[in-house]
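Working through the structure, step by step
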Amino acid sequence: MEQVSEGITFRHVSKVYAPGGEPAVDDVSLAVPEGSFVVLLGPSGSGKTTLLKMVNRLFEPTSGSICIDGTDIRELDVTALRRRIGYVIQQIGLFPHMTVARNIAIVPQLLGWDRRRIDARIDELLDLVDLPREYRSRYPSQLSGGQQQRVGLARALAADPMLLLMDEPFGATDAITRAALQKQMISLQRRVHKTVLFVTHDVDEALALADRIAILRDGRLVQYDEPCALLTEPADAFVRELLNADDRIRQLALLRVESVMQPIGPDGAPASAPRLAAGEAVRQALSLLLRPETRAVTVVDGGRPIGIVTIDSIRAAACEDGAP
Ligand SMILES: Nc1ncnc2c1ncn2[C@@H]1O[C@H](COP(=O)(O)OP(=O)(O)OP(=O)(O)O)[C@@H](O)[C@H]1O
Ligand SMILES: [Mg+2]
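This one's a predicted model, so the numbers in the text were calculated from it and none came from an experiment.

1. Section: the overall build of the protein chain
Each helix and strand counted, the protein chain has 13 helices and 13 strands in total. Computed over C-alpha atoms, the radius of gyration of the protein chain comes to 22 Å, within 12% of the 20 Å expected from 2.2 N^0.38 for 324 residues, which places it in the range of a compact globule. Dimensions of the protein chain along its principal axes, counting C-alpha atoms only, are 65 × 50 × 35 Å. Looking at the protein chain alone, contacts between residues at least 24 apart form 63% of all its contacts between residues at least 6 apart. Per element, the accessible surface of the protein chain, about 16100 Å² overall, is 49% carbon and sulfur. Here the protein chain holds 37 positive side-chain charges and 42 negative ones, and the gap between their average locations is 6 Å.

2. Looking at helix H1 (residues 48–55)
Extensive coverage of H1 is indicated by the burial of 6 of its 8 residues. Looking only at H1, the buried set comprises Lys 48, Thr 50, Leu 51, Leu 52, Met 54 and Val 55. A positive phi of about 60 degrees marks Arg 57, the residue just after H1.

3. Considering the nonpolar core
Within the largest apolar cluster, 47 residues are counted, with the highest numbers of intra-cluster contacts made by Ile 104, Met 185 and Ile 213. Other than its neighbours up to four places away in sequence, Ile 104 contacts Ile 122, Leu 125, Leu 126, Val 151, Ala 154, Arg 155 and Ala 158. Core analysis: the second largest hydrophobic core is formed by 25 residues, Phe 10, Val 25, Met 54 and Leu 81 among them.

4. A short note on the site of ligand 1
All residues in the neighbourhood of ligand 1 are listed as Tyr 17, Ala 24, Pro 43, Ser 44, Gly 45, Ser 46, Gly 47, Lys 48, Thr 49, Thr 50, Glu 168 and His 201. A distance of 3.0 Å separates an oxygen atom of ligand 1 from a polar backbone atom of Gly 47. In the model, an oxygen atom of ligand 1 is placed 2.5 Å from a nitrogen or oxygen of the Thr 50 side chain. Burial of ligand 1 by the surrounding chains reaches 57%, relative to a free accessible area of 630 Å².

5. Thoughts on the pattern of salt bridges
Inspection of every chain in the model, using the stated rule, returns 14 salt bridges. Of the charged contacts, one joins Asp 123 and Arg 133 as a salt bridge, the two residues approaching to 3.8 Å between their closest N and O atoms. In this pair, Asp 123 sits in helix H5 (residues 115–128) while Arg 133 sits in the loop between H5 and helix H6 (145–157), placing the two residues 10 residues apart along the sequence. Within the structure, one salt-bridge network assembled from shared partners comprises Asp 119, Asp 123, Asp 127, Arg 133 and Arg 136.

6. Side note on H5
Counted at 1.5 Å a residue, the expected span for H5 with its 14 residues is 20 Å, and the 20 Å between its end C-alpha atoms agrees. When we look at burial in H5, the residues that qualify are Ile 118, Arg 121, Ile 122, Asp 123, Leu 125, Leu 126 and Leu 128. Close packing links the buried residues of H5 with helix H3 (100–104), helix H4 (106–110), H6 and helix H7 (175–192). The residue sitting at the N-terminus of H5 and contributing the capping side-chain oxygen is Asp 114; that oxygen lies 3.1 Å from the backbone nitrogen of Arg 116.

7. Focus: the sheet that holds strand E10 (residues 220–225)
The mixed open sheet is built from 6 strands, whose spatial order is E6-E7-E8-E3-E9-E10. Edge strands, defined here as strands with exactly one partner in the open sheet, are strand E6 (85–89) and E10. Pairs of neighbouring strands in the sheet enclose a mean axial angle of 15 degrees, with direction left out of account. Sheet topology note: the strand E9 (residues 212–217)/E10 ladder contains 5 bridges and is antiparallel. Within the sheet, the bridge partner assigned to Arg 217 lies in E10 and is Arg 220.

The rules behind these values
- Residues numbered from 1 in each chain as written.
- Chains lettered and ligands numbered in written order.
- Predicted model: local features only at pLDDT ≥ 70, side-chain atom pairs only at ≥ 80, totals over all residues.
- Heavy atoms only, no water.
- Helix = DSSP H or I, 4+ residues; strand = E, 2+ residues; numbered from the N terminus.
- Rg over C-alpha atoms; globule rule 2.2 N^0.38 Å.
- Contact = heavy atoms within 4.5 Å.
- Areas by Shrake-Rupley, 256 points an atom, 1.4 Å probe, with all protein chains shown as cover.
- Lys, Arg positive; Asp, Glu negative; His and termini not counted.
- Charge placed at Lys NZ, Arg CZ, Asp CG, Glu CD.
- Buried < 20%, exposed > 50% of the residue type's maximum accessible area, 1.4 Å probe, protein only.
- Core = buried A, V, L, I, M, F, W, Y, C linked by side-chain atoms within 4.5 Å.
- Near = heavy atom within 4 Å.
- Polar contact = N/O pair within 3.5 Å; in protein donor to acceptor, adjacent residues only side chain to side chain.
- Salt bridge = Lys/Arg side-chain N within 4 Å of Asp/Glu carboxyl O.
- Expected span 1.5 Å × (residues − 1).
- Pairing = 2+ DSSP bridges.
- Axes fitted to C-alpha atoms, helices over the stretch in contact; angles between N-to-C directions.

Below is the structure:
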């Protein structure tokens, strides 16, 4: 494997829980480059959580090694290691008897930050995850599930860890909240550039969030690639089926509207056309175009029209990459 000093590097990592039993993780080698968002995707029992928990040493590998920024994590003090890592789990794990502010402040307090710095950080984090600052004094039971997830995320980010481990963090929320949290995660990652290892078994979530996706099956790494590459060149029938790679609509979810738009003509943008912000997915444009009497969607950047998407422009772009 190539030398990667920054980020997380797994080298031939295996985990066998019961001696003589089947490995839960089986000879996985994987490099998560610094600042990248890597999703572990696979069916239930494929070893995703086990792999994640070995990074903060909740479990130790049976064999192989894990390095963070070039240092074998066995050489690091466990407490110091965990404080460098933000950890978010599906059950959120907020302390029910503590307010939102105190939940967020846990790690900064352990690190001995002064009161004023912690206070300012809480406000900053609530802004970052888009929660009103007034929620500081609420208790977890006074928040919706999605809001609790966001507090969980704020707490994980509190001491500005370089590394985030997220195990199905949006799993317990409804589809709308989940989509909103995913969007927020994407825009957050654009600003904070953490190294993120994110577990899900939701394919759409993986495709929406990941820079690269690691596909696990029975503890083994089947394929590790960028979303588009996984869809166009699945390693085997399992990956093809898991990703439903023949589904063109899914591929459109990965293309940004800018990549299929045409320049605005001399007449300017059609006045009645619906608008989409640059960065939105082509699939979004397609669903607008399926509305009655909608022939074009105007792409805007900071409120300024920059192009037009039509069914024809989508078709032209979708056929370019050798699709049938
Ligand atoms: N603490 C444990 N002791 C023994 N076996 C375990 C333990 N934790 C997990 N396993 C087993 O290891 C395998 C992988 O489990 P793991 O929790 O890593 O899967 P997963 O991919 O996270 O699944 P899910 O999507 O259901 O969360 C499973 O067969 C599971 O039964
Ligand atoms: Mg799991």
